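Next come the chains, spelled out residue by residue.
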Amino acid sequence: MSWKTALQTEYPNAIDWTSLINTTGKALAGKGFTPKNTLLTNISCRDEVNATSVDAFSKYWGENFNLSGLGGYPSGGLTGFTAYSHHVPEGGNLFVFFGPHIGISPEGELCLVQRRGRHQPGAACGSLLGFLSKVQANRDYTPKLTSIDPEQYLVESALIQRADKFLNAANPGKAVTEEMYHAIQEQTYTILDALGFEGPIALLGGIFVNTPLDEDDYFAPRHAAIINYNGQNGVKHDWYTECFS
Ligand SMILES: [Zn+2]
């Protein structure tokens, strides 16, 4: 199966990265978010296969406060978000772009990605799939915090409570990525609740799909909202439908 056929089967709503940047940029401009008054953050996995796409987003928005952690977990925490929110232009907006990633090989196999200068495709996301292997080998596996591997501990702690949802799935690698998506979104909102930023915050969440070399990455959107904590907690405006339907 070609990677494109597999992509359309597994992520039917995925759009190519160039379209993603332009479509969301246009939609957000209509809501008052411009590169001049908005500071972007990306919360995505550190893997170099995400870099080209993240850089393209950064280029569009001008700058990017990188809150990435392994697996795409917001391991920068409240301190990271606080610094980010203090760097935004005065009276301006935040734009939080988040999600885990999954590879798709040239042969259309999920959880594998072709890397520059390597003959065989490798795992993506390695953080999530490494954890999956541990739990598949030992259902009683317990994540442990160590000073030499703190980010992986955060990923594993967030996922272990969701193990029932991915261990028995038809494709556990795809399912663990989906569960990671939910864990990232939940934690991002928890941090934003604690942050109390007094201005509009746009959120865009989904799954990064890493395609073969020299192909545009794709993005399977899951969430697009604008929230405002200035006296009105919660989702203020959902802009998913206008962008992705
Ligand atoms: Zn990764």
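The structure reproduced in this document is the subject of the present report. (Residues numbered from 1 in each chain as written. Predicted model: local features only at pLDDT ≥ 70, side-chain atom pairs only at ≥ 80, totals over all residues.)

Cis geometry is adopted by the peptide bond preceding C125, which originates at A124 and carries an omega value of 15 degrees. For C125, the location among the structural elements is in the loop between β7 (122-123) and α5 (126-137). Despite not being glycine, C111 has its phi angle at roughly 75 degrees, a positive value. Within the secondary structure layout, C111 lies in the loop between β5 (101-103) and β6 (112-113). (Helix = DSSP H or I, 4+ residues; strand = E, 2+ residues; numbered from the N terminus.)

Before going further, it helps to examine the packing of helix α4 (residues 77-86) against helix α8 (residues 172-195). In contact at an axis separation of 10 Å, α4 and α8 are set at 60 degrees when each is read in the N-to-C sense. As far as their axial angle goes, α8 and α4 are oblique. Where α4 crosses over α8, the two elements pack in a sense that is right-handed. Touching G77, L78, F81, T82 and S85 of α4 are I191, A194 and L195, all from α8. Among the residues making up the contact of α4 with α8, the classes are represented as 5 nonpolar, 3 polar and no charged. (Axes fitted to C-alpha atoms, helices over the stretch in contact; angles between N-to-C directions. Parallel < 35°, antiparallel > 145°, perpendicular 65-115°, else oblique. Left-handed = near helix turned anticlockwise from the far one by under 90°. Contact = placed C-beta atoms within 7 Å. Nonpolar A, V, L, I, M, F, W, Y, C, P; charged D, E, K, R; others polar.)

For the rest of this paragraph, the subject is the pairing of strand β4 (residues 93-98). Most of β4 sits inside the fold, with 6 of its 6 residues counted as buried. Of the two faces of β4, the one carrying N93, F95 and F97 and the one carrying L94, V96 and F98 are both buried. Where strand β2 (residues 38-43) and β4 come together, 6 bridges link them in parallel fashion. Across the sheet, the residue bridging to T38 is N93, located in β4. (Buried ≥ 20, exposed ≤ 12 C-beta atoms within 10 Å, placed from the backbone. Pairing = 2+ DSSP bridges.)

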